[in-house]
Amino acid sequence: MAALARFTKSSSLSLSFSSIAKALYFYSSSSAAIAESNPYSQINNFTRKDPKDWNVQWVFLGCPGVGKGTYAGRLSKFLGVPHIATGDLVREELASSGPMSNQLAEIVNQGKLVSDEIIFNLLSKRLEAGEAKGESGFILDGFPRTVKQAEILEGVTDIDLVVNLKLREDVLLEKCLGRRICSQCGGNFNVASINVKGKNGNPDVSMAPLLPPSHCMSKLITRADDTEEVVKARLRVYNEKSQPVEDFYRSQGKLLEFDLPGGITESWPKLLEALNLDDCEEKQSAAA
Ligand SMILES: [Zn+2]
């Protein structure tokens, strides 16, 4: 089956960085083969419309700390579409001392989720600004969090693909507790060195720490919402709310489940493979 998937993929000679529409159309037509060849991903009833109607209008799902910001950010650069993180929109609003900043600060510090109204307000402003600048497509990160939000989103745009990033909860907790920010330059780092044995037939998970340069080392701080209690509360709230959202997109055949096999070095090529974009990278580096 792996050989067949490889053969099918290499037969798509027209696949190039600029023809993502074709890549995605192709991706859908060979999804069964990909799902079997890549143990990290699963697609359920993935169905697609005419390729000429395609846009990269994707959603990245995943619990806080799973790294969806990192992967969504990388993929947006790779595909040339904006990465829109609702977390960033919230932080920008917090920093702006705008009309919603006090209300937001209270919610965030308690590890609660920001309301649909606030998020949708911030997101609408961002999408309108992007449209005015001539942006095409987007990767949404951290939105929608609820079925209600997914339904609102459905009314304003066509989501093509939803990538659900997953990571074992014990690994996730360790990773979240290792997060540090440099109080001087604002850089994001992680001091957790993760080495856990695989459970239930799954492979071991190793993640190297992301250590700061020496001049940042003494200035590292932990975010107020990265305590064990708050992280656990956040995960619990996330899991309760995300299940119906996953079901919503699964029933539409848009959900790609992706189990992160480890850190970014291992996971990034597997993710490209799951998206059938790995040939694009080969061409890109060959052209560089
Ligand atoms: Zn620094």
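Everything numeric here is computed off the predicted structure, so don't read it as measured data. (Residues numbered from 1 in each chain as written. Predicted model: local features only at pLDDT ≥ 70, side-chain atom pairs only at ≥ 80, totals over all residues. Heavy atoms only, no water.)

(A) Representation of the pairing of strand β4 (residues 138-141) in the model. Burial along β4 is two-sided: Phe-138 and Leu-140 and Ile-139 and Asp-141, pointing in opposite directions, are all buried. Of the strand pairs in this sheet, strand β2 (residues 57-61) and β4 are connected by four bridges, and their pairing is parallel. Following the sheet pairing, Val-59 is matched in β4 by Leu-140. The pairing of strand β3 (residues 83-85) with β4 spans three bridges and is classified as parallel. Paired with Ala-85 across the strands is Asp-141, a residue of β4. (Buried < 20%, exposed > 50% of the residue type's maximum accessible area, 1.4 Å probe, protein only. Helix = DSSP H or I, 4+ residues; strand = E, 2+ residues; numbered from the N terminus. Pairing = 2+ DSSP bridges.)

(B) View of the coordination of the zinc ion. At 2.1 to 2.3 Å from the zinc ion lie its protein donor atoms, namely Cys-182 (SG), Cys-185 (SG) and Cys-216 (SG). In primary sequence terms, the donor set of the zinc ion follows C-x2-C-x30-C. Of the two residues, Cys-185 is situated in the loop between β6 (179-182) and β7 (188-190) and Cys-216 in helix α10 (residues 214-217); the sequence distance between them amounts to 31 residues. Using a relative accessible area of 3% as the deciding quantity, one classes Cys-216 as buried. (Donors = N, O, S within 2.8 Å, 3.2 Å for Na, K, Ca; no water.)

(C) Spatial organisation of the sheet that holds β7. In space, the three strands of this open sheet follow the order β7-β6-β10, with antiparallel pairing throughout. Since the sheet does not close on itself, it has two edges, and those belong to β7 and β10 (220-221), each with one partner. Here β6 runs beside β7; their pairing, made up of three bridges, is antiparallel. By the bridge assignment for β7, Arg-179 is matched with Asn-190.

(D) Representation of the pairing of strand β11 (residues 255-259) within the structure. Within β11, four of the five residues are buried, leaving the element largely enclosed by the surrounding structure. Sheet topology places strand β5 (residues 161-166) next to β11; five bridges connect them, and they run parallel. Paired with Lys-166 across the bridge in β11 is Asp-259.

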